[in-house]
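If you want the building blocks of each chain, they are given just below.
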Amino acid sequence: MSQPISIAIVGSGYVGLVAAACFAEIGHHVICVDNDEAKVQTLREGGIPIHEDYLPELLNRHRGKLVEFTADLRAATKAAQAIFIAVGTPQSRAGSADLSYVDAVASEIARSIDSYKIIVEKSTVPVYTNEWIRRVVERNGVPRDLFDVASNPEFLREGTAVVDFLHADRIVIGAATERSAELLKRLYLPLTSGEYYRTANAVPGPRAQADPPPILLTSTKAAEIIKHASNALLATKISFINVVANICEAAGADVEEVARGIGMDSRIGPKFLRAGVGYGGSCFPKDVAAFRHVAEQVGVDFGLLREVEKINEEQKLRFFQKIRSALWTFRGKRIGVLGLAFKGGTDDIRESPALDIVQRLLNEGCVISAYDPAAEERSREVIPVGPQMQYAKDPYEAAQDADALLILNDWQEFAELDLARLRYTLRYPIVIDGRNLYDPTGMTENGFIYLSVGRPGSSQTLDPVATHYLPPPRGRAKA
Ligand SMILES: NC(=O)c1ccc[n+]([C@@H]2O[C@H](COP(=O)([O-])OP(=O)(O)OC[C@H]3O[C@@H](n4cnc5c(N)ncnc54)[C@H](O)[C@@H]3O)[C@@H](O)[C@H]2O)c1
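Residues numbered from 1 in each chain as written. Predicted model: local features only at pLDDT ≥ 70, side-chain atom pairs only at ≥ 80, totals over all residues. Heavy atoms only, no water.

Caption draft 1: Here's a closer look at the site of the ligand. In the vicinity of the ligand, 26 residues are found, and the nearest of them are Asp34, Lys39, Thr89, Glu158 and Lys286. Contact distances for the ligand include 2.6 Å between an oxygen atom and a side-chain N or O atom of lysine 39. The side chain of lysine 286 places a nitrogen or oxygen atom 2.6 Å from an oxygen atom of the ligand. About the coverage of the ligand: the protein hides 88% of its 840 Å² of free accessible area. Mapped by element, the contributors of at least two residues to the shell around the ligand are α1 (14–25) and α5 (100–110). For the shell around the ligand, the residue count by class is 9 nonpolar, 9 polar and 8 charged. (Near = heavy atom within 4 Å. Polar contact = N/O pair within 3.5 Å; in protein donor to acceptor, adjacent residues only side chain to side chain. Areas by Shrake-Rupley, 256 points an atom, 1.4 Å probe, with all protein chains shown as cover. Helix = DSSP H or I, 4+ residues; strand = E, 2+ residues; numbered from the N terminus. Nonpolar A, V, L, I, M, F, W, Y, C, P; charged D, E, K, R; others polar.)

Following this line, the structure appears as structure tokens:
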């Protein structure tokens, strides 16, 4: 492949680690830096701290050859031509992005620069961060001609991160100088030329040699805004369809049909029109808030985003009320929960609507038995095992003797349950599905009381005509 470039990636989390593995996969030398020494040790020994498809294969392929791990940022900076900052940018108390990790890393990089380097923002950051990094580096005495700061926002999705990186929809490079733009273009050349897709063992995905990802060169400010605006728009789409779902629920229409009809419009597209329990994760909530703050700072009222956030909060509450509508009272009720991560395919529980709902149920005195294929370990740290909280090894153990089963994220496994087995595992055959994984008619035919989001019969009412017949509990006489 094209000429290898030495890079350092600071922050070995969901973005940094995936970027490191993928840059190595396309032939570059990568030093992956993290200040969490235990994480570095785990990575060196072959452990992988996050759940992500293809990541183990790529790291095994390149560890010790094209990827190495260290806690020594100074040495990594000296060895690299480009240094990517991929540390967290969490939400501050005020709602804006907390850039203290970026600031700390920029200062430390500056103290080690002794030849020309490109510092690249990979973290999601507000507009002007680029300028701030430049200022911090200059304040540390680095001459202006010894570095550039560029922006290369990351659009990967957890759960499909490796494929998203290697088969990107687009690669955005915000660069202020020809020199930095050229180096970043060279870095991605194996992808943008299509060369990577014809190599043996290339990770499969939607791109091909004849259809490589396009590269978009912009100003640094535009690149920063592109990332925030993209996430804000995706979150808006989710909140929008959730409100439409609530209208459908009241009117007796099916939001799945409605979403299909909307999504067939090529101007709109079908993605992110899945009604559910609201968005979560480490990006959308904080990025919507941060973008709203950016707008405020520059004197623009982005009230739409306030509404998006409000709808999202209300959606979780609405789902909680739906559970109440099915169970009447909560204290002592046993509830099976499928899904703890903020979505299927990941172990990330940050801002997970599932955990929010579980916590509310625990506060109401429910006893929970929860299952998630990848997020149990992280969930245990937040909600430890106790008299009210247990973790199950599979969906049926979670459902065992439960008064109801909740589906809170969309792992494929949850859409393929053995319904006959489930029917007799539950104490009452009540399934409350926050991700619309099943067909309501099929569930009713299988003997379930099935409540979902935005579909006819999606919630229980006290109207005697509309109230579902509640079958006798399992084990009791069926006269
Ligand atoms: N997670 C996603 O899906 C995603 C997608 C696109 C963009 N982003 C953005 O990328 C950035 C990183 O997100 P993430 O999910 O990978 O975060 P993360 O929390 O998983 O990883 C951040 C890593 O940075 C390390 N770190 C913090 N300070 C450090 C320092 N001073 N020196 C070295 N390492 C340090 C932490 O130990 C941690 O391992 C954020 O700005 C996020 O918004 C995330």
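Caption draft 2: View of the confidence of the model for the protein. Taken residue by residue, the protein gives an average pLDDT of 95. The fraction at 70 or more is 95%. Of the regions scoring below 50 in pLDDT, residues 462–469 engages in 8 contacts with residues more than four places distant in sequence or in other chains. (pLDDT = per-residue confidence, 0-100. Contact = heavy atoms within 4.5 Å.)

Caption draft 3: View of the sheet that holds strand β14 (residues 449–451). Strand order in the open sheet formed by 6 strands is β11-β10-β9-β12-β13-β14, and the pairing between neighbours is parallel. Because the sheet does not close on itself, it has two edges, and the strands there are β11 (389–391) and β14. Between one strand and the next, the sheet's axes are offset by a mean angle of 20 degrees, whatever the strand orientation. As judged from the 3 bridges shared by strand β12 (residues 404–407) and strand β13 (residues 430–433), these two strands associate in the parallel manner. Bridging from a neighbouring strand, leucine 405 pairs with valine 431 of β13. Across the sheet, helix α12 (residues 303–327) is in contact with β9 (334–338), β12, β13 and β14; its angle to β13 comes to roughly 170 degrees. Contacts between helix α13 (residues 353–363) and the sheet are confined to β9, β10 (367–371), β11 and β12, with β10 contributing the most and set at about 160 degrees to the helix. (Pairing = 2+ DSSP bridges. Axes fitted to C-alpha atoms, helices over the stretch in contact; angles between N-to-C directions.)

Caption draft 4: Representation of a nonpolar patch on the surface. A cluster of nonpolar residues, Tyr128, Trp132, Val298 and Val300, forms a patch on the protein surface that exposes about 400 Å² of accessible area. By secondary structure assignment, the location of valine 300 is in the loop between α11 (284–297) and α12. Looking at valine 300, the relative accessible area reads 45%, which means it is partly exposed. (Patch = residues over 30% accessible without salt bridge, like charges linked within 9 Å, V, L, I, M, F, W, Y side chains within 5 Å. Salt bridge = Lys/Arg side-chain N within 4 Å of Asp/Glu carboxyl O. Buried < 20%, exposed > 50% of the residue type's maximum accessible area, 1.4 Å probe, protein only.)

Caption draft 5: Main features of the packing of helix α9 (residues 220–251) against α12. Two elements in contact, α9 and α12, have axes separated by 9 Å at closest approach and are oriented at 45 degrees. One finds that α9 runs oblique with respect to α12. α12 is crossed by α9, and the crossing has left-handed handedness. Counting all contacts with α9, which are made through Ala232, Ala235, Thr236, Ser239, Asn242, Val243, Asn246 and Glu249, the residues of α12 involved are Leu305, Val308, Ile311, Asn312, Gln315, Arg318 and Lys322. Tallied by class, residues from the contact of α9 with α12 come to 6 nonpolar, 6 polar and 3 charged. (Parallel < 35°, antiparallel > 145°, perpendicular 65-115°, else oblique. Left-handed = near helix turned anticlockwise from the far one by under 90°.)

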